[in-house]
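# Close look at the chain arrangement
Now for the letters of each chain:
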Amino acid sequence: MNNATMKTKQISNNEVQLFSESFGSPDDTPILLIMGATASAIWWPEAFCCQLAAVGRYVIRYDQRDTGRSTSYEPGQINYSVEDLADDAFCVLDGYGIQSAHVVGMSLGGYLAQLMALKHPQRIISLALIASERLAEADSTMPEIDPSVLNYHAKASELDWTNREAVIEYQVGAWRLLSGSAHSFDESIIRKLAGADFDRTPNPTTTFNHALLQGGEMWLGRLDEIAVPTLVIHGTEDLVLPYVHSLALKAELPNAKLLTLAGTGHELHPDDWFIMIEAIQQHTALSNAANHE
């Protein structure tokens with residue numbers, strides 16, 4: 001499986017343009033990848049997508065609003081909700097003529113995947129939720145994001161976001177902070193992805209509009225209604241959503257299992273890809289079989 005198998009598609013959702021890329025054969029089992037807040041689809045690395053496609057999956061990644069090559073708005077101006085972002089994901093599936101799919105979401109992407117499974121359960125075959133939190137009311141008993149992450153990003157306002165090298169350095173520092181102790185931090189990979197992300201995004205500051213996201217209140221606290229098989233994947237050294245969030249997520253989903261990545265942070269580290277892809281392959285195969293019974 002090589003990069004030549006990647007195909008691009010621009011999808012329209014009324015006035016919104018969503019840029020997407022697919023890997024593998026449309027005849028294979030479809031998997032929609034949804035990345036987290038402020039991150040374009042670049043952060044699902046091509047090699048990861050190709051490896052997932054190589055085990056017989058049709059893999060689709062896309063840029064959410066205000067990231068990458070999709071529609072973006074003025075920084076500080078947000079006229080869409082988390083529900084709109086979930087609807088965008090369905091529009092991507094529509095753009096590929098896919099009625100139902102497996103959804104793999106990371107961080108905010110996992111939150112949106114839960115929302116999708118509640119809104120249109122017939123279109124979701126299974127979920128895989130990586131480094132994600134519950135679609136639920138704020139819970140004061142749950143640990144919050146580590147202060148070191150907030151302190152680091154407090155410097156964002158001082159950065160010249162038109163300076164490619166400065167933005168790349170900033171991204172490298174951010175991802176270094178989020179990496180766990182299980183694996184060595186691969187600066188070269190992150191530097192390459194950060195450069196590709198910068199080149200893909202007309203104005204990187206628009207991504208911070210995701211910090212203003214609201215909505216979806218009517219869907220909170222209803223995880224017991226999600227019947228599809230769900231695979232929860234979480235690292236034990238996640239500074240953004242500490243590991244206990246994964247335990248709470250698994251506990252509230254009726255049909256969930258947990259894959260614990262010891263020493264992994266809030267990251268998609270290449271050293272974890274094999275175990276993650278193997279787990280997703282098995283999870284989606286079993287879910288396919290159950291869906292056709």
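In short, a report on the structure. Throughout this document, residue positions are counted from 1 along each chain, in the order its sequence is written. Predicted model: local features are reported for residues with pLDDT of at least 70 only, side-chain atom pairs are reported and counted for 80 or more only, and whole-chain, interface and lining totals are derived from all residues. Calculation of side-chain values draws on the structure's entire complement of heavy atoms; hydrogens and water are dropped beforehand.

## Description of the layout of surface pockets
Of the pockets and cavities examined, the largest pocket occupies roughly 1,700 Å³. Cavities and pockets are found on a 1 Å grid laid over the protein atoms alone: a cavity is a set of points where a 1.4 Å probe fits but cannot escape, a pocket is an open set with protein on both sides within 12 Å along at least five of seven lines, and a lining residue has an atom within 4 Å of such a point. Around the largest pocket, the lining is made up of 50 residues, and of these Ala37, Ser107, Leu108, Ile145 and Val240 lie nearest the centre. The helix and strand labels rest on DSSP assignments: H or I over at least four residues marks a helix, E over at least two residues marks a strand, and numbering proceeds from the N terminus. Of all the secondary-structure elements, those providing two or more residues to the lining of the largest pocket are helix H3 (108-119), helix H4 (147-153), helix H5 (164-178) and helix H6 (187-200). Top element by residues in the lining of the largest pocket is H5. It accounts for six residues. Grid points are joined across faces, edges and corners, and a volume is the space filled by probe spheres set on the points. What the second largest pocket holds in volume is close to 280 Å³. What lines the second largest pocket is a set of 15 residues, among which Pro45, Glu46, Ala47, Lys192 and Leu193 lie closest to the centre. Those elements giving two or more residues to the lining of the second largest pocket turn out to be helix H1 (46-54), H6 and helix H8 (270-291). Of the residues forming the lining of the second largest pocket, the biggest block, five residues, is contributed by H6. For this classification, Asp, Glu, Lys and Arg are treated as charged, while Ala, Val, Leu, Ile, Met, Phe, Trp, Tyr, Cys and Pro are nonpolar and the rest, including Gly, are polar. Of the residues in the lining of the second largest pocket, the class split is nine nonpolar, one polar and five charged.

## Thoughts on the pairing of strand S3 (residues 29-34)
Summary of the burial criterion: residues with accessible area below 20% of their type's maximum are buried, those above 50% are exposed, and those between are partly exposed, where the area comes from a 1.4 Å probe applied to protein chains only. Counting buried positions along S3 gives six out of six residues, so the element sits mostly inside the fold. Residues of S3 alternate between two faces, with Thr29, Ile31 and Leu33 on one and Pro30, Leu32 and Ile34 on the opposite face, all of them buried. In this fold, the crossover linking S3 to strand S4 (residues 57-62) by way of H1 has right-handed handedness. Two strands form a pair only when DSSP identifies at least two bridges running between them. Pairing of S3 with strand S5 (residues 101-106), which is carried by four bridges, proceeds in the parallel orientation. The partner of Ile34 across the bridge, within S5, is Gly105. A right-handed crossover is one whose linking path, passing over the helix from the first strand to the second, runs clockwise when the strands point away from the viewer.

## Quick word on H3
Residues three or four positions apart in an α-helix share a direction because the helix packs 3.6 residues into each turn. The end-to-end C-alpha separation of H3 is 16 Å, in line with the 16 Å expected for 12 residues at 1.5 Å each. Within H3, 12 of the 12 residues are buried, which leaves it mostly tucked inside the rest of the structure. Here H3 has its buried residues at Leu108, Gly109, Gly110, Tyr111, Leu112, Ala113, Gln114, Leu115, Met116, Ala117, Leu118 and Lys119. We call two residues in contact when some of their heavy atoms are within 4.5 Å. As for H3, its buried residues are in contact with S3, helix H2 (82-95), S5, strand S6 (124-130) and helix H7 (244-252). How far a helix is expected to stretch is found by multiplying one less than its residue total by 1.5 Å.

## A closer look at the side chain of Thr71
Inspection of the secondary structure assignment puts Thr71 in the loop between S4 and H2. Identification of polar contacts relies on pairs of N or O atoms within 3.5 Å, with a donor-acceptor requirement for protein atoms, meaning one able to donate a hydrogen and the other able to accept it, and with residues adjacent in sequence counted only if both atoms are side-chain atoms. In terms of polar contacts, Thr71 uses its side chain to reach the backbone amide nitrogen of Gln17, at 2.7 Å. With residues up to four places along the chain from it excluded, the contact list for Thr71 reads Glu15, Val16, Gln17, Arg65 and Asp66.

## A word on the packing of aromatic side chains
Aromatic rings considered in pairs are described by the distance between their centres and by the relative angle of their planes. Two aromatic rings from Phe, Tyr or Trp, using only the six-membered ring of Trp, form a pair when their centres are within 6.5 Å; if the ring planes differ by under 30 degrees the pair is stacked, by over 60 it is edge-to-face, and anything between is tilted. Within this structure, the stated rule accounts for eight aromatic pairs. Ring geometry for Tyr58 against Tyr96: centres 6.2 Å apart, planes inclined by 75 degrees, an arrangement best described as edge-to-face. Residue Tyr58 is located in strand S4, and its partner Tyr96 is located in the loop between H2 and S5; the two are separated by 38 residues in the primary sequence. In terms of burial, Tyr58 and Tyr96 fall into one category: buried. Relative to Tyr170, the ring of Trp161 has its centre 5.3 Å away and its plane inclined at 70 degrees; by these criteria the two rings are edge-to-face. Tyr170 matches Trp161 in its accessibility class, with the two residues each being buried. Cluster of aromatic residues (ring-pair linked, three or more members): Tyr152, Trp161, Tyr170 and Phe208.

## Observations regarding the packing of H5 against H6
Packing of H5 against H6 brings their axes to within 9 Å, and their N-to-C directions diverge by 130 degrees. Relative to H6, H5 is oriented oblique. Taken as a pair, H5 and H6 cross one another with a handedness that is right-handed. Seen from H5, the contacting residues are Arg164, Val167, Ile168, Glu169, Gln171, Val172, Trp175 and Arg176; seen from H6, they are Glu187, Ile190, Arg191, Ala194, Gly195, Asp197, Phe198 and Asp199. The residue inventory of the contact of H5 with H6, partitioned by class, reads seven nonpolar, two polar and seven charged. For helices, the axis comes from a line fit to the C-alpha atoms of the stretch in contact; other axes are also lines fit to C-alpha atoms, and the angle between any two N-to-C directions lies between 0 and 180 degrees. Note that the term roughly parallel is reserved for angles under 35 degrees, roughly antiparallel for angles over 145, roughly perpendicular for angles of 65 to 115, and oblique for everything else. Put simply, a crossing is left-handed when the front helix is turned counterclockwise from the back one by less than a right angle, and right-handed when it is turned clockwise.

## Observations regarding empty space enclosed by the protein
In this structure the tally under the stated criterion is two cavities of 30 Å³ or more. Trp175, Ile190, Glu267, Leu268 and His269 are the residues nearest the centre of the largest cavity, which is lined by 16 residues in total. Mapped onto the lining of the largest cavity, the elements with two or more residues apiece are H6 and H8. It is H6 that provides the largest number of residues to the lining of the largest cavity, a total of three residues. Counted by class, the lining of the largest cavity contains 12 nonpolar, two polar and two charged residues. Estimated volume of the second largest cavity: approximately 40 Å³.

Any link to function would need more than the numbers given here.
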